[in-house]
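Take a look at the letters that make up each chain.
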Amino acid sequence: MRIAACLLALIGALSLALPALADVRIKDIATFEGVRENQLVGYGLVVGLNGTGDSLRNSPFTEKSIEAMLERLGVGNLSDDNIKTTNTAAVMVTAMLPPFARLGSTIDVVVSSLGDATSLRGGTLIVTPLTGADGEVYAVAQGPIAVAGFSATGVAASITEGVPTVARIENGATVENEVDFQLSSLNSVRITLRNPDFTTAVRMSDAINDRLGGNSSRVLDSGTVELAIQGAGKGDVPGVLSEVENLRLEPDSIAKVVVDAKTGTIVIGANVRIDRVAVSQGGLTVMVREDPVVSQPNPITIGGTTVVVPRTTVGVEEEEAHFTILEGADVSLQRLVDALNAIGLSATQTISILQAIKAAGALHADLEII
């Protein structure tokens, strides 16, 4: 029993000492070349607004669009008439066409005001063709829109929650044209890493070759691995891709510290290491305060005037500086964070400390400030 207990304790100690391996699926860190979404965009009109649409004086393109729409519907020539409606808004409609989208399938669209409309709530988007980068129409959008934000205005006050000039239509567009892409005709597929890295690419290629056998894949560069379909099972390309994308590996990454100076957010990567350094954080505070005094003349003084006598107080406070030792390059991320927290710094001071350590050459990581 004692031997078993010792073995369990040893295994527990080793599991705490060894770093945890973050095995992830290939589909979570890479994409297959050609299997991608396509952006669609269109220009349309939203009607049925309760007086919150575009003012035609400030949005002449809305008036022209209304005239063109009515002419197409057989209303006649309205170029000489003065349209004064405020229930219509010109909008841009955007959508993402999924890979292998088929005729008749539906996709979500986003509707954004183009003019000076104050709200799109309660409106209906009329037929709007959505085109791709090649100018071809791939979908047509229409339907009532849903606005998350709202706006209320009174005589002397107003309140706005969210963005009432942006809306969505769930399943609001119907696919009318397909992107021609045949998986079965491919002899090879390139796998693109979202974060290019040679070590991760080699590990991915090794994992694929171990699973599919032979030289099924090869590394082209730090961000691309080529998978040979013919040797891995020509004819069942979806099956091969499904098997490959579920393989697990441990991705590698460079040591990096990301700092958002605007919000004081600091993200430190697990591979960040520092040399042994001593850090001191002290400050000198100079306070200048103005306390003017009003001097009144005596009651019986002839020709006396009230004067303001300036009074300035200047004080200097200096914080006592203490040195804290930050351990060397073999220290873990937790030890590094604990050492920084032990100094008792604010977010701004921590950013300054990291910049100073980097300038001293003791921070072995990329310091990215956004």
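Attention in this report is confined to the structure presented alongside it. Everything quoted here is computed from the prediction, not taken from an experiment. (Residues numbered from 1 in each chain as written. Predicted model: local features only at pLDDT ≥ 70, side-chain atom pairs only at ≥ 80, totals over all residues. Heavy atoms only, no water.)

Within the protein chain, the secondary structure is distributed over eight helices and 26 strands. Among the 370 residues that make up the protein chain, the fraction classed as buried is 29%. Counting only contacts in the protein chain whose residues sit at least 6 apart along the sequence, the fraction spanning at least 24 positions is 69%. With an accessible surface of roughly 22700 Å², the protein chain has 54% of that area assigned to carbon and sulfur atoms. (Helix = DSSP H or I, 4+ residues; strand = E, 2+ residues; numbered from the N terminus. Buried < 20%, exposed > 50% of the residue type's maximum accessible area, 1.4 Å probe, protein only. Contact = heavy atoms within 4.5 Å. Areas by Shrake-Rupley, 256 points an atom, 1.4 Å probe, with all protein chains shown as cover.)

So, on to the pairing of strand β14 (residues 224-228). Counting buried positions along β14 gives four out of five residues, so the element sits mostly inside the fold. As defined by bridge partners, strand β12 (residues 188-193) adjoins β14 across five bridges and the pair is classed as antiparallel. The residue of β14 that forms the bridge with T192 is T224. Bridging between strand β13 (residues 217-221) and β14 involves four bridges; their strand directions are antiparallel. Paired with R218 across the bridge in β14 is E226. Linking β13 back to β14 in an antiparallel pair, the connection comprises two residues. (Pairing = 2+ DSSP bridges.)

Okay, the sheet that holds strand β17 (residues 265-268) next. If you trace the three strands from one edge of the open sheet to the other, you get β17-β16-β26, paired in mixed fashion. Across the chains shown, the open sheet's two edge strands, defined by having one partner strand only, are β17 and β26 (366-369). For this sheet, the mean inter-axis angle between neighbouring strands, taken without regard to orientation, is 15°. In terms of strand pairing, strand β16 (residues 256-260) meets β26 through four bridges, oriented parallel. Along β26, the bridge assignment pairs V258 with E368. (Axes fitted to C-alpha atoms, helices over the stretch in contact; angles between N-to-C directions.)

It is worth spelling out the environment of T348 at this point. Relative to the helices and strands, T348 resides in helix α8 (residues 347-359). Counting along the chain gives 82 residues from T348 to I266, while the straight-line C-alpha distance between them is 9.8 Å.

If you check helix α3 (residues 60-72), its first and last C-alpha atoms are 19 Å apart, about what 13 residues at 1.5 Å a residue would give, namely 18 Å. All of the buried residues along α3 are T62, E63, S65, I66, E67 and M69. The elements touched by buried residues of α3 are β3 (38-47), β4 (89-97) and β6 (124-131). Among the residues trailing α3, G74 stands out with phi positive, at a value near 90°. (Expected span 1.5 Å × (residues − 1).)

With that out of the way, let us pick up the packing of aromatic side chains. Aromatic ring pairs are defined here through the distance separating the ring centres and the angle between the ring planes. Tallied over the entire structure, the rule returns one aromatic pair. Measuring from ring centre to ring centre gives 5.9 Å for F100 and F181, while their planes differ by 40°; the resulting arrangement is tilted. Separated by 81 residues along the polypeptide, F100 in the loop between β4 and β5 (106-113) and F181 in the loop between β11 (166-175) and β12 bring together distant segments of the chain. With relative accessibility at 25%, the residue F181 sits in the partly exposed group. (Phe/Tyr/Trp six-rings, centres within 6.5 Å; stacked < 30°, edge-to-face > 60°.)

Glancing now at the layout of surface pockets. For the largest pocket, the calculated volume is near 480 Å³. For the largest pocket, the lining is made up of 19 residues, of which P251, D252, S253, I254 and N271 are closest to its centre. For the lining of the largest pocket, the secondary-structure elements that each account for two or more residues are α2 (26-29) and α4 (198-212). Here the residues of the lining of the largest pocket are counted per class, giving seven nonpolar, five polar and seven charged. Listing elements by their share of the lining of the second largest pocket, those giving two or more residues are β3, α3 and β6. (1 Å grid on protein atoms, 1.4 Å probe; cavity = no way out; pocket = protein on both sides within 12 Å on 5 of 7 lines; lining within 4 Å. Points joined across faces, edges and corners; volume = space filled by probe spheres on them. Nonpolar A, V, L, I, M, F, W, Y, C, P; charged D, E, K, R; others polar.)

This next bit is on the sheet that holds strand β2 (residues 30-32). Strand order in the open sheet formed by four strands is β2-β12-β14-β13, with antiparallel pairing between adjacent strands. Each edge of the open sheet is held by one strand with a lone partner, namely β2 and β13. Each adjacent strand pair in this sheet contributes to an overall mean axis angle of 25°, direction not counted. Contacting β2, β12, β13 and β14, α4 runs over the sheet at an angle of about 165° to β13.

Inspection of every chain in the model, using the stated rule, returns nine salt bridges. Measuring nitrogen to oxygen at the nearest pair gives 3.3 Å for the salt bridge that ties R168 to E170. Using a relative accessible area of 37% as the deciding quantity, one classes R168 as partly exposed. The exposure class of E170 is exposed, given its relative accessible area of 52%. Of the charged contacts in the structure, one is a salt bridge between K256 and E368, with a shortest N-O distance of 3.2 Å. On the criterion of sequence distance, the pair formed by K256 in strand β16 and E368 in strand β26 is long-range, its members being 112 residues apart. Classification of K256 as partly exposed rests on a relative accessible area of 30%. (Salt bridge = Lys/Arg side-chain N within 4 Å of Asp/Glu carboxyl O.)

Turning our attention to a nonpolar patch on the surface. Where nonpolar side chains cluster on the molecular surface, the patch consists of Y43, F61 and L114 and spans about 250 Å² of accessible area. Structurally, F61 can be placed in helix α3. On the basis of relative accessibility, which here comes to 33%, the residue F61 falls in the partly exposed class. (Patch = residues over 30% accessible without salt bridge, like charges linked within 9 Å, V, L, I, M, F, W, Y side chains within 5 Å.)

Shape descriptors only; they carry no functional weight alone.
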